[in-house]
Amino acid sequence: FGAEQAANDIVRELATASHGDEKLLGKASALYKSFGMEDQAQLAIKEGAKNAVQLNNQAVMLAREGKLEEAIALLRQAADNKSAGITVILNAAQVIILSIDRNGWNEAYGNTARHYLRRARELDAADPKYKKVAELYKGITVKFGVRHGL
C-alpha cells in the first residue's frame, strides 16, 4: 500500500508540473493501466492538473496585484521542474520580463528569462505565446541596451 501511495504522489506531482503534457501523462496512465490501476492514475492526474492550474492562477493573480517577486517565486518553482509545461514556463518568463521592465535590468533575471524562453522554444517554437514573450524579451534588451540573444 505504501508503494501505491508513493506512485500516486509521483503521478500527481508529474501532472502538476507538466501542466497538460498529454504525451507524458499518457505514459503515466499506461503504466498504471498495465497494473490494473487506471482509475487511480486518472484521479492522480486530475488532482495534479488542478494543482498546476491553481499554482499558475495564484501566480498570475499576484503579478496583477504588483507582487512580482512572489509571483516569480511560485512560477520559478513550477518552471524549474524538468517536466514543466510550456504555459508555466512562458508565464514565468513573462513575469520576470515584467519585473525587469519595471525595476531595471537584472542580470540574473535576464538569464533566467532567456533560459525559460529557450526551453519553451524547444517545446514549441510555433506557439503564439512563445513568440509574444520572446518579443517582450527582445524589447527589454533593447530598452536597457543589453545584448542577450535567444
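Our subject is the structure that appears above.
Residues numbered from 1 in each chain as written. Predicted model: local features only at pLDDT ≥ 70, side-chain atom pairs only at ≥ 80, totals over all residues. Heavy atoms only, no water.

Chemist: Please provide a residue-by-residue account of the overall build of the protein chain, values included.
Modeler: Of regular secondary structure, the protein chain possesses 7 helices and 0 strands. Starting at the N terminus and ending at the C terminus, the protein chain contains elements arranged as α-α-α-α-α-α-α. Here the protein chain, with 150 residues, has 41% of them falling under the buried criterion. Of the contacts made within the protein chain by residues no fewer than 6 positions apart, 63% connect residues no fewer than 24 positions apart. When the accessible surface of the protein chain is totalled, it reaches about 8600 Å², and 54% of it is carbon and sulfur. (Helix = DSSP H or I, 4+ residues; strand = E, 2+ residues; numbered from the N terminus. Buried < 20%, exposed > 50% of the residue type's maximum accessible area, 1.4 Å probe, protein only. Contact = heavy atoms within 4.5 Å. Areas by Shrake-Rupley, 256 points an atom, 1.4 Å probe, with all protein chains shown as cover.)

Chemist: Summarise the packing of helix H4 (residues 68–79) against helix H6 (residues 107–124); cite the residues concerned and give the values.
Modeler: Relative to each other, H4 and H6 sit at 40°, their axes nearing to 13 Å. Between H4 and H6, the angle is such that the two are oblique. Where H4 crosses over H6, the handedness of that crossing is left-handed. Judged by residue contacts, Glu-69, Ile-72, Arg-76 and Ala-79 of H4 engage Tyr-109, Thr-112, Tyr-116 and Arg-119 from H6. Each residue belonging to the contact of H4 with H6 can be placed in one class, and the counts come to 4 nonpolar, 1 polar and 3 charged. (Axes fitted to C-alpha atoms, helices over the stretch in contact; angles between N-to-C directions. Parallel < 35°, antiparallel > 145°, perpendicular 65-115°, else oblique. Left-handed = near helix turned anticlockwise from the far one by under 90°. Nonpolar A, V, L, I, M, F, W, Y, C, P; charged D, E, K, R; others polar.)

Chemist: Go over the environment of Gln-77, please, and point to the residues and values.
Modeler: As for its position among the elements, Gln-77 is in helix H4. The sequence separation of Gln-77 and Val-88 amounts to 11 residues, and the corresponding C-alpha distance is 9.8 Å.

Chemist: Just give me the short version of the environment of Ala-125, but keep the residues and values in it.
Modeler: With respect to the element layout, Ala-125 can be found in the loop between H6 and helix H7 (128–143). Those residues in contact with Ala-125 that lie beyond four places of it in its chain are Ala-120, Tyr-130 and Lys-131.

Chemist: How would you sum up H6? Please name residues and give values.
Modeler: An ideal rise of 1.5 Å per residue puts 26 Å on 18 residues; H6 measures up with 26 Å between its terminal C-alpha atoms. Within H6 the residues assigned to the buried category are Tyr-109, Gly-110, Thr-112, Ala-113, Arg-114, Tyr-116, Leu-117, Arg-119 and Ala-120. In this structure, the buried residues of H6 make contact with H4, helix H5 (86–103) and H7. For H6, the N-terminal capping position is held by Asn-106, with its side-chain oxygen 3.0 Å away from the main-chain nitrogen of Ala-108. (Expected span 1.5 Å × (residues − 1). Polar contact = N/O pair within 3.5 Å; in protein donor to acceptor, adjacent residues only side chain to side chain.)

Chemist: Before we move on, can you summarise H5 with the specific residues and values?
Modeler: Across its 18 residues, H5 extends 26 Å between first and last C-alpha, which sits within 8% of the 26 Å expected from 1.5 Å per residue. Every buried residue of H5 is accounted for by Ile-86, Val-88, Ile-89, Leu-90, Asn-91, Ala-92, Ala-93, Val-95, Ile-96, Ile-97, Ser-99 and Ile-100. Note on H5: the residue one or two positions beyond its end, Gly-104, has a positive phi of about 100°.

Chemist: Describe in detail the side chain of Arg-119, supporting the description with residues and values.
Modeler: By the secondary structure assignment, Arg-119 is in helix H6. The buried charged residue Arg-119 lacks any salt bridge partner; its closest oppositely charged side chain belongs to Asp-80, at an N-O distance of 4.9 Å. Ignoring any residue separated from it by four or fewer positions in sequence, one finds Arg-119 in contact with Ala-79, Asp-80, Asn-81, Lys-82, Ala-84 and Ile-89. (Lys, Arg positive; Asp, Glu negative; His and termini not counted. Salt bridge = Lys/Arg side-chain N within 4 Å of Asp/Glu carboxyl O.)

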